Amino acid sequence: DIQMTQSPATLSASVGDRVSITCRASQSVSNWLAWYQQKPGKAPKVLIYDASTLQSGVPSRFSGSGSGTEFTLAINSLQPDDFATYYCQQYQGFPQTFGQGTKVDIK
Amino acid sequence: QVHLVQSGAEVKKPGASVKVSCKASEYTFNDYYMHWVRQAPGQGLEWMGWINPDSGGTKTAQKFRGRVTMTRDTSTNTAYMDLTSLRSDDTAVYYCARGRDSSSLYSAFDYWGQGTLVTVSS
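Definitions and cut-offs
Residues numbered from 1 in each chain as written. Chains lettered and ligands numbered in written order. Predicted model: local features only at pLDDT ≥ 70, side-chain atom pairs only at ≥ 80, totals over all residues. Heavy atoms only, no water. Helix = DSSP H or I, 4+ residues; strand = E, 2+ residues; numbered from the N terminus. Buried < 20%, exposed > 50% of the residue type's maximum accessible area, 1.4 Å probe, protein only. Contact = heavy atoms within 4.5 Å. Areas by Shrake-Rupley, 256 points an atom, 1.4 Å probe, with all protein chains shown as cover. Lys, Arg positive; Asp, Glu negative; His and termini not counted. Charge placed at Lys NZ, Arg CZ, Asp CG, Glu CD. Phe/Tyr/Trp six-rings, centres within 6.5 Å; stacked < 30°, edge-to-face > 60°. Lys NZ or Arg CZ within 6 Å of the ring centre and 35° of its normal. Buried area = accessible area lost by both parts, 1.4 Å probe. Polar contact = N/O pair within 3.5 Å; in protein donor to acceptor, adjacent residues only side chain to side chain. Disulfide = S-S within 2.5 Å. Pairing = 2+ DSSP bridges.

**Q** Provide a residue-level description of the overall build of chain A, including the pertinent values.
**A** Per the secondary structure count, chain A includes zero helices and 11 strands. Tracing chain A from N to C terminus, the helices and strands come up as β-β-β-β-β-β-β-β-β-β-β. In chain A, which comprises 107 residues, the proportion classed as buried is 49%. Put simply, of all contacts in chain A between residues at least 6 apart along the chain, 56% involve residues at least 24 apart. For chain A, the exposed surface amounts to about 4,700 Å²; the carbon and sulfur share of it is 45%. Computed over 8 positive and 7 negative side-chain charges, the inter-centroid distance for chain A is 6 Å.

Next comes the structure, spelled out in structure tokens:
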């Protein structure tokens, strides 16, 4: 199985900050990577797919980059609604696998 | 607007089975793979498998092989996930999720059901 490792596990930030989350794959997943946001008690919501394509309706302050084994989700000017847990997911290999999550909380 | 509506919460005893449904609307059900993902309390996301609603073909993660059966009813646009021989560590929220790209198996999940909590307890 392809292991997805996110860092950091927790990120404390303030409204207006720019934050970055990293996701590393144990082997290349090309650009078959997505980022999801999840709030407590809710289903995940896709933000980015194919490593860098913004899902329709997602604010442009979210961006994704990377390919192969290293990927980054960046959030420009963090908003109150952005405090949540973020997951990366690779969908190239079988089984598909997720990172362990990064919780973004209020500093 | 695409909707995936799942069945309600279940409480089961160890060794029992559970069947979770996922009713799709506002899109062509047969055109998009449906995936199942679960999340244990306080834990991350775990992919379980997919079903091709058009052919009925399925692929299940090795971990669940022999215990998970995914089916669909195209007349009601509903996907089902059946999990047998339940154990306490199967306690989780189970989600159905649609593959975004109708032309490819390799795609992110763009719509998710609301989740179904399955509690396994004696």
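**Q** Explain the packing of aromatic side chains residue by residue, including any values.
**A** Taken as a whole, this structure holds 11 aromatic pairs over all chains when the rule is applied. Look at Tyr33 of chain B and Trp50 of chain B: their rings are 5.0 Å apart centre to centre, the planes differ by 85°, and that puts the pair in the edge-to-face class. Placement of the pair is Tyr33 of chain B in the loop between β3 (18-25) and β4 (34-39) and Trp50 of chain B in strand β5 (residues 45-51), with a sequence separation of 17 residues. The pair Tyr33 of chain B / Trp50 of chain B is uniform in exposure class, with both members buried. Ring geometry for Phe109 of chain B and Trp112 of chain B: centres 5.8 Å apart, planes at 65°, overall edge-to-face. By the ring-pair criterion, three or more aromatic residues cluster together here, those being Tyr36 and Phe98 of chain A together with Tyr95, Phe109 and Trp112 of chain B. A cation over a ring is seen here: Lys19 of chain B above Tyr80 of chain B, with NZ or CZ 5.0 Å from the ring centre.

**Q** Which residues make up the interface of chain A and chain B, and what are the values?
**A** Often, the extent of an interface is quoted as the loss of accessible area on bringing the components together. Taken residue by residue, the interface counts 19 residues in chain A and 23 residues in chain B. Taken together, the two surfaces of chain A and chain B that pack against each other cover about 1,600 Å², and 65% of this comes from carbon and sulfur. Summed over the shared surface of chain A and chain B, the number is five residue pairs in polar contact (both at pLDDT 80 or more). When residues of the side of chain A that touches chain B are traced back to their parent elements, those giving at least two are β4 (33-38), β5 (45-49) and β9 (85-90) of chain A.

**Q** Any chance you could break down the state of the cysteines for me, citing the residues and the numbers?
**A** All names here are of chain A. Enumeration according to the criterion identifies two disulfides over all chains in this entry. Across the disulfide from Cys23 sits Cys88; the S-S distance is 2.1 Å. Across the disulfide from Cys23 to Cys88, rotation about the S-S bond amounts to roughly 70°, and the bridge is consequently right-handed. Of this pair, Cys23 sits in strand β3 (residues 19-25) while Cys88 sits in strand β9, and the two are 65 residues apart along the sequence.

**Q** Tell me about the pairing of strand β8 (residues 78-83) of chain B, residues and numbers included.
**A** Residue and element names in this part refer to chain B. Sheet topology places β3 next to β8; six bridges connect them, and they run antiparallel. Bridging from a neighbouring strand, Val18 pairs with Leu83 of β8. Pairing between strand β7 (residues 68-73) and β8: six bridges, direction antiparallel. Across the sheet, the residue bridging to Thr71 is Tyr80, located in β8. As consecutive antiparallel partners, β7 and β8 are separated by four residues, and within that stretch Asn77 has a phi angle of approximately 55°, a positive value.

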